Every structure is written in C-alpha cells, then in structure tokens.
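Secondary and tertiary structure notes
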Amino acid sequence: MIKTRDITILGTGISGLGSAKLAKKLGINVFISDKNIIEKSVKKHLIKNEIGYEENGHNLKRLLNPDQVIISPGISFTELKKSFPEINENKFISEIEFASRHTDAFIIAVTGSNGKTTTASLIYHLLKESGFNVGLAGNVGVSFAESVCDFSYDYYVLEVSSFQLDHITNFKPNISIITNITPDHLDRYDQSFQNYINSKFGIVKNQKNEDYFIYNSNCKVSKKIFKTIKVKSKIFSFSLSKNEDKNTLLFIDQNHINSLINKKKFMLSTNKVPITGIHNLQNSMAAISVAQILKISNKKIKESLKTFKSIPHRLEHFLTIQKVKYINDSKATNVNSVFYALDSFDDPIIWIAGGVDKGNIYDDLIPLVSNKVKAIICLGQDNNKLIDVFSSYTDVIVSTDNITDAVSSAYKISKPGDVVLLSPACASFDLFKSFEERGDQFKEEVRKL
C-alpha cells in the first residue's frame, strides 16, 4: 500500500479526478493543481468533496512538499521540468501506478501503437460473457483509480498508453500485451522512436516468472526487443501466418485461426471474426490468447466473439447515403492506424485527414493513396504538410478548417460506391477537445446531409 499522507495531483481530467476520489477514500490529504482554468462543474465537485485546488498554473511548493505527485498522462514531465527544474522525478507516479497499489485484482494490461482499445474491449467482452467479475478501465471507459474506488472486481482489463507507463514503479500486470509498436507521439519523446519503444516495454519490466507476456510476431520492433530487454514472464506471440518464431502459439493457416496454447486445439474460420480488417484479426488473436490462458473453453470463446460489436470511432460504418459509405475512424491518430484503415477498403476512398501532426512520416501511405484514394480533404488549422506530401498522388485535394465544410466537400465529390473515410492520422486538439468529439461532430454533420 502507498505510504503517504499528502498527494498533489496534476490535472483535472478523468485520470486526475479519479485519483483524487481514490485518495480521498483512503484518507490521504489530496490537492489538485491545474495549469489551466478549471471548469465550473469540476470546481463544484472539488469543493463539495473538500478537495483543495489551484488553477491557471502550478505552485512550486505543491510539487516539492507532498510525499508523492500523481501526474496525469496528458502532462509532459519534460516540459514541467523546464518550468520547475527543482522537482524530483522520483516523487512522480502515474494514476495506474497509484491505483494498482490498492487492488488485489488480476490485471490484464494492453498497450500498443494501434489496436489497444479494440483488444482490451474484446478481452473484457470474452471474460464478462464467461462469467468473470471483471472491470474495463484505464485509457478506455473510466479511470483505473475511480474503478478501484467504486468497485471490487476480481479481474481488470486495462488499456494503458505510453504516457501512463512513463511513471510506473511497481505496476505489474499478470498478463501484458503489446499489440504492435510503430512511430507515434514522438513529439513527447524528443523525436526518438527508441524512447517511445522503451516506454511501451515498461509494461513488462516488473513481471515475474508466473506472469504472461503476449506480443505480435508480425511486429518487427516487438521481435527485436528481446535482444535488449530481458523478459521474465512466460512469452506467447500471435501471427498472421505460420512462422519459425518459437513463441508463436496462435497463427492463421488456410483462413483459420489456430492455437496451440494449453496444448488444446482451437480453430476458428477468419470469416467468423465479427470485426473486419487484417488488424482486427490480430486484435482477436491477442484476445483469444488471454481467454485460453484463463482456461475459457473454446466453445465459449467462439460464442462470445459472435456477440462483440465494434467500438465507436474505430472504422465505424455508421451510415450509407446514396450508396456512399461513411466511416468514422476518428481514433486513428497515427500513420499506422490509417494504413490499416485505407487497406480495409477496395472501393474508391475520399479520405478526410489532418489535425495536430505528431511528427508523422507519411511515406508508407503513398502507395495506398495512389491506388485507392480519389480525393483528400484536409481538416486542420495547418494542412500544409499533408498537401505537400500527397498533392502529387491524388487528383483532388481540399483544405478546410471546419468539419461542416469537410463533410460538404466529401458529399459533393462522392459518387455511388465510394467510401468517405474520416481517418485523421493526427491528434484532434487544434479544432476539437478529443478524438471522440471529432468523430461525433463528423457523424452529426453527415446525418444532416
């Protein structure tokens, strides 16, 4: 258990408020500090619960004096250190570290550049349908800390980001999963892909011999990591084909998912996987791996997969108008996610992209854009990079800074049989509060057509 009397929490988002709620329940003196103005509704909540706060900037004493500081994932410690060079990083922990100290639940943690939300949701669905007392938290749903405060689950499925893993000390999943690693968030990691890789692999650093680590053997980065990082846990991998990787116990052969986990034969036609796309086959195999480790029967796994529905904002086909499909993939905030999205369709694509570029390198998308994309609609405050990269590879490219014009342009360009795909490759914060708001506004504008 955490041995502290005083905690400062940085940030009043879902993570920060969840941490405050748990700290208050534990009888810890808690204070919240936000560099921005705190919303009125949040202030009322803090006052009602007798939680002290400050806004519009951090007080140095609030960073130095408490026993520990819980830093929200949206806050860069590197940037904070520039403003307050006196602070000690050893005092800073993440919300998932804090929450994990106050639960004895079996933890299944999922990270990766892409697919982690779908994979975590799939695992949760398989366990819940099989009668497990399980919660879903972390970077999806409610914060881990708030869930620990309010519920007593025997199992947790957590989606965890690299930012949440940056400040763990003892956080130890019983099963950890890395779906894949491709360049992302490099603006937070000094433009160093290796720094980002190291952050992701923090998910395994505290695991023991009795724990499990599952990775994607089609991911070159994940396969190479064993040369530099010692993994103590039992290791499984999944693959889109048979291969020579001795850890690969789940693979696709003759259009069937095969598994050798627990030495129990498992076969499922790839046509029976309810969510489309090669990437979703990989996500499904990761989830099946967990289910088999937990000894869920093959029959129950197959039955549960049938009832899983795709998550909002991830290749969400929500409407067809005059034989034009509208797809909301707002959660695709990096290049690799967009690669999977573009590769999922054979019909001509009108691609809506743009936002806050995170150091993206678009080279891998050029062949797909050349072959599949009939028009690009750039949606952002600064669209110059997208225009410079792709203007030679598509006949039509439109620049706009609002969702209404983006949808209107797509509608005018589209013809029956086309796909209008919002798959931004960028963060949303130039024009929207979140990728969810971006996706919701996209759907709202399309429904007005």
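Everything below is about the structure shown above.
Sequence order as written defines residue numbering, which begins from 1 separately in each chain. Note on the predicted model: pLDDT of at least 70 is required for a residue's local features to be given, and 80 or more for side-chain atom pairs to be given and counted; whole-chain, interface and lining totals, by contrast, use all residues. Only hydrogens and water are set aside when side-chain values are computed; all heavy atoms of the structure are taken into account.

**A short note on the sheet that holds strand 3 (residues 52-54)**
Reading across the sheet, the five strands line up as 3-2-1-4-5 and stay open at both edges, with parallel pairing between neighbours. Sheet topology places strand 3 and strand 5 (92-93) at the edges, where each strand pairs with a single neighbour. Any two strands with at least two DSSP-identified bridges between them are counted as paired. Strands are runs of DSSP state E lasting at least 2 residues, helices are runs of H or I lasting at least 4, and numbering of each runs from the N terminus. Strand direction decides the pairing type here: strand 4 (residues 68-71) and strand 5, joined by two bridges, are parallel. From the neighbouring strand, Val69 faces strand 5, where its bridge partner is Phe92.

**Observations regarding the environment of Phe84**
With respect to the secondary-structure elements, Phe84 resides in the loop between helix 4 (77-83) and strand 5. Overall, Phe84 belongs to the buried group, its relative accessible area being 14%. The sequence separation of Phe84 and Asn59 amounts to 25 residues, and the corresponding C-alpha distance is 9.5 Å. Any residue under 20% of the maximum accessible area for its type is buried, any over 50% is exposed, and the rest in between are partly exposed; the area is computed with a 1.4 Å probe on protein chains only.

**Remarks on unusual backbone geometry**
Even without being glycine, Lys295 reaches a positive phi, approximately 65 degrees. With respect to the secondary-structure elements, Lys295 resides in the loop between helix 11 (278-293) and helix 12 (298-306). A relative accessible area of 67% places Lys295 in the exposed class.

**Some remarks on the packing of aromatic side chains**
Remark: the centre distance and the inter-plane angle together describe each pair of aromatic rings, the angle taken between the planes. Aromatic rings from Phe, Tyr and Trp, with only the six-membered ring used for Trp, were paired whenever their centres fell within 6.5 Å, and each pair was classed as stacked if the ring planes differed by under 30 degrees, edge-to-face if by over 60, and tilted otherwise. By the definition in use, this model includes 16 aromatic pairs. Measuring from ring centre to ring centre gives 4.9 Å for Phe132 and Tyr155, while their planes differ by 75 degrees; the resulting arrangement is edge-to-face. On the criterion of sequence distance, the pair formed by Phe132 in the loop between helix 6 (116-129) and strand 7 (134-138) and Tyr155 in strand 8 (residues 155-159) is long-range, its members being 23 residues apart. Between Trp351 and Phe390, the aromatic rings sit 5.4 Å apart at their centres with planes inclined by 80 degrees, giving edge-to-face as the arrangement. Taken together, the positions of Trp351 in strand 17 (residues 349-353) and Phe390 in helix 15 (residues 384-390) put the pair 39 residues apart, joining distant regions of the chain. Assessed through its relative accessible area of 0%, Trp351 is described here as buried.

**Re the sheet that holds strand 12 (residues 248-253)**
Each strand in a sheet pairs with another by means of backbone hydrogen bonds, the pair being arranged parallel or else antiparallel. Taken together, nine strands build an open sheet; the order of strands is 7-8-6-9-10-11-12-13-14 and the sheet is mixed. Two strands bound the open sheet, and with one partner strand each, they are strand 7 and strand 14 (266-269). Each adjacent strand pair in this sheet contributes to an overall mean axis angle of 15 degrees, direction not counted. Sheet topology places strand 11 (residues 234-239) next to strand 12; three bridges connect them, and they run parallel. Following the sheet pairing, Ser239 is matched in strand 12 by Phe251. On top of the sheet, helix 6 reaches strand 6 (106-111), strand 7, strand 8 and strand 9 (175-178); it is set at about 165 degrees to strand 8, its chief contact. Working convention: axes come from line fits to C-alpha atoms, limited for helices to the stretch in contact. Angles between N-to-C directions cover 0 to 180 degrees. A contact between two residues is defined here by any heavy atoms of the two lying within 4.5 Å.

**Comments concerning the environment of His125**
Take His125: it is sitting in helix 6. Given the relative accessible area of 14%, His125 is considered buried. The contacts of His125, once residues within four sequence positions are left out, are Ser304, Thr307 and Phe308.

**What about the packing of helix 6 against helix 11?**
Relative orientation of the contacting elements helix 6 and helix 11 amounts to 40 degrees, with a least axis distance of 9 Å. Here helix 6 is positioned oblique relative to helix 11, judged by the angle of their axes. Crossing hand, helix 6 versus helix 11: right-handed. Across the interface between the two elements, Thr118, Thr119, Leu122, Ile123 and Leu126 of helix 6 pack against Asn280, Asn283, Ser284, Ala286, Ala287, Ile288, Val290 and Ala291 of helix 11. Throughout this entry, Asp, Glu, Lys and Arg are counted as charged residues, while Ala, Val, Leu, Ile, Met, Phe, Trp, Tyr, Cys and Pro are counted as nonpolar. The remaining residues, Gly among them, count as polar. Its residues placed into classes, the contact of helix 6 with helix 11 shows eight nonpolar, five polar and no charged. Geometric relationships in this document are graded by angle, where less than 35 degrees denotes roughly parallel, more than 145 denotes roughly antiparallel, 65 to 115 denotes roughly perpendicular, and other angles denote oblique. What makes a crossing left-handed is the near helix being turned counterclockwise from the far one by less than a right angle; a clockwise turn instead makes it right-handed.

**Looking at helix 17 (residues 435-447)**
Here the expected length of a helix is defined as 1.5 Å per residue gap, with one fewer gap than residues. Helix length check: helix 17 (13 residues) gives 18 Å between terminal C-alpha atoms against 18 Å at 1.5 Å per residue, within 8%. Among all positions in helix 17, only Arg438, Gly439, Phe442, Lys443, Glu445 and Val446 are buried. Relative to the axis of helix 17, the buried residues are bounded by an arc of 165 degrees and lie together on one face. If you follow the buried residues of helix 17, they end up packed against strand 15 (316-321), strand 16 (324-328), strand 17, helix 16 (403-413) and strand 20 (419-422). The arc under discussion is defined with respect to the helix axis, by the directions toward the C-beta atoms.

**Section: the nonpolar core**
In this description, a nonpolar core means a group of buried Ala, Val, Leu, Ile, Met, Phe, Trp, Tyr and Cys residues linked to one another through side-chain atoms lying within 4.5 Å. Within the largest apolar cluster, 47 residues are counted, with the highest numbers of intra-cluster contacts made by Phe98, Phe144, Leu158, Phe171, Ile181 and Phe201. The leading source of residues in this core is helix 7 (residues 144-150), at four residues. In contact with Phe201, not counting residues within four places along its chain, are Ile178, Ile181, Phe213, Ser222, Ile225 and Ile229. One finds Ile214, Val273, Ile293 and Phe308 within the second-largest nonpolar core, a separate group that totals 37 residues.

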